[in-house]
Amino acid sequence: MNLDNVIAVRKTKTVYRDGDRCIKVFDEDYSKADVLNEALNQARIEETGLNIPKILEVTMIDGKWAIITEFIKGKTLAELIQEDIENKDKYLAMLVDIQLEVQSKTCPLLNKLKDKMNRKISQAELDATTRYELHTRLEGMPKHNKVCHGDFNPSNIIIAEDSTPYIIDWAHATQGNASADAARTYLLFWLNGDIDGAKTYLDLFCKKSNTARQYVQKWMPIVAASQSVKGNEKEREFLLSWVDVVDYE
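Residues numbered from 1 in each chain as written. Predicted model: local features only at pLDDT ≥ 70, side-chain atom pairs only at ≥ 80, totals over all residues. Heavy atoms only, no water.

**Observations regarding the pattern of salt bridges**
Using the criterion set out here, one finds twelve salt bridges in the structure. Here the salt bridges do not stand alone but share partners, grouping Asp-18, Arg-21 and Glu-57 into one network. (Salt bridge = Lys/Arg side-chain N within 4 Å of Asp/Glu carboxyl O.)

Structure (structure tokens):
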């Protein structure tokens, strides 16, 4: 196995290319359960028929867990936007179309988004009253069972050389309400400092999915609170500021 060609470095993992294989190697102290859950998510999503890199192997390399998948040759949507900024709206429309394709699928064995959010809200650095309000709001939201990616953004879409879009990084996949996943994508644009991109994305999502903007906005405090549990101090501060946003009743 050749680990000379590094293609991405993240906080807890390094991704390599070895011919037509992609090798994601996790840090030594990375949770075994999380690695196996990510591989299981991806294997389950494969069964939906979505375009994703197929899992080839889960193994250990020098005492570290690794997930080996097909390597998809192409560019991410994030790279395409950067190279062709004048056509950003076209790429954002493509992003939404791909997200709606994901959300058109069901995958009954995935973890439930609502359960995950309830657990995260309980862990958030918020006072008991705010946590209670968020749990109550979450409980009142419509229960759906659509596939939700959990980290859907332009850097997780690879456009292959034949123009086929492939969706990567299924570590956070769940089944639940599509608008919660849209709220997450909107906040990811904000976290990335792309406020205009966030607004354009939300407009496109609401238009293409025939969803009221207010409905997606109702999810934002819930999503922000649940996402604040992980991440660095700056991100946590930003996300917690969204917990108190005006109620769009």
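**Examining the packing of helix α6 (residues 178-191) against helix α7 (residues 195-209)**
Relative orientation of the contacting elements α6 and α7 amounts to 160°, with a least axis distance of 7 Å. With respect to α7, the element α6 is oriented roughly antiparallel. Viewed along their axes, α6 and α7 form a crossing whose handedness is right-handed. Contact residues: α6 offers Ala-178, Ser-179, Ala-182, Thr-185, Tyr-186, Phe-189 and Trp-190, while α7 offers Ile-195, Gly-197, Ala-198, Lys-199, Tyr-201, Leu-202 and Phe-205. By residue class, the composition of the contact of α6 with α7 is ten nonpolar, three polar and one charged. (Axes fitted to C-alpha atoms, helices over the stretch in contact; angles between N-to-C directions. Helix = DSSP H or I, 4+ residues; strand = E, 2+ residues; numbered from the N terminus. Parallel < 35°, antiparallel > 145°, perpendicular 65-115°, else oblique. Left-handed = near helix turned anticlockwise from the far one by under 90°. Contact = heavy atoms within 4.5 Å. Nonpolar A, V, L, I, M, F, W, Y, C, P; charged D, E, K, R; others polar.)

**A closer look at the sheet that holds strand β9 (residues 165-167)**
In spatial order, the strands read β6-β8-β9; together these three strands make up an open sheet with antiparallel pairing. Looking along the sheet, the strands with just one partner apiece sit at the ends: β6 (74-76) and β9. Pairs of neighbouring strands in the sheet enclose a mean axial angle of 30°, with direction left out of account. When β6 meets strand β8 (residues 157-160), the two strands line up antiparallel, connected through three bridges. Residue Lys-75 lies in a different strand from β8, and its bridge partner there is Ile-159. (Pairing = 2+ DSSP bridges.)

**A look at the sheet that holds strand β3 (residues 21-26)**
Taken in spatial order, the five strands of this open sheet run β1-β2-β3-β5-β4, and their pairing is antiparallel. In this open sheet, the two strands that pair with only one neighbour each are β1 (6-9) and β4 (55-61). Neighbour-to-neighbour, the strand axes of the sheet open up by a mean angle of 20°, direction not taken into account. Alignment of β1 against strand β2 (residues 13-18), held across three bridges, turns out to be antiparallel. Paired with Ala-8 across the two strands is Val-15, which belongs to β2. Most of the contacts of helix α1 (residues 32-46) go to strand β5 (residues 64-70), to which it runs at about 15°, and overall it touches β3, β4 and β5.

**Here we look at the pairing of β8**
Burial along β8 is two-sided: the face carrying Ile-157 and Ile-159 and the face carrying Ile-158 and Ala-160 are both buried. Where β8 hands over to β9, the hairpin turn is made up of four residues, of which Ser-163 adopts a positive phi near 75°. (Buried < 20%, exposed > 50% of the residue type's maximum accessible area, 1.4 Å probe, protein only.)

**Things to note about unusual backbone geometry**
With a phi angle near 50°, Asp-62 is a residue other than glycine that sits in the positive phi range. Looking at the element boundaries, Asp-62 is found in the loop between β4 and β5. Under the relative-accessibility criterion, Asp-62 is labelled exposed at 71%. Of note in the backbone geometry, Asp-169 takes a positive phi value of approximately 65° without being a glycine. The residue Asp-169 is located in the loop between β9 and β10 (174-176) in this model. On the accessibility criterion, Asp-169 (17% relative accessible area) is buried.

**A closer look at the packing of α7 against helix α8 (residues 213-227)**
Two elements in contact, α7 and α8, have axes separated by 9 Å at closest approach and are oriented at 125°. Accordingly, the angle class assigned to the pair α7 and α8 is oblique. Along the contact surface, α7 presents Leu-202, Asp-203, Phe-205 and Cys-206, while α8 presents Arg-213, Val-216 and Met-220. Across the contact of α7 with α8, the residue classes break down as five nonpolar, no polar and two charged.

**Focus on the side chain of Gln-175**
One can find Gln-175 in strand β10. A polar atom in the side chain of Gln-175 sits 2.8 Å from the backbone oxygen of Leu-110. Leave out the neighbours within four places in its chain, and Gln-175 touches Cys-107, Pro-108, Leu-109, Leu-110, Asn-111, Lys-112, Leu-113, His-144, Asn-145 and Lys-146. (Polar contact = N/O pair within 3.5 Å; in protein donor to acceptor, adjacent residues only side chain to side chain.)

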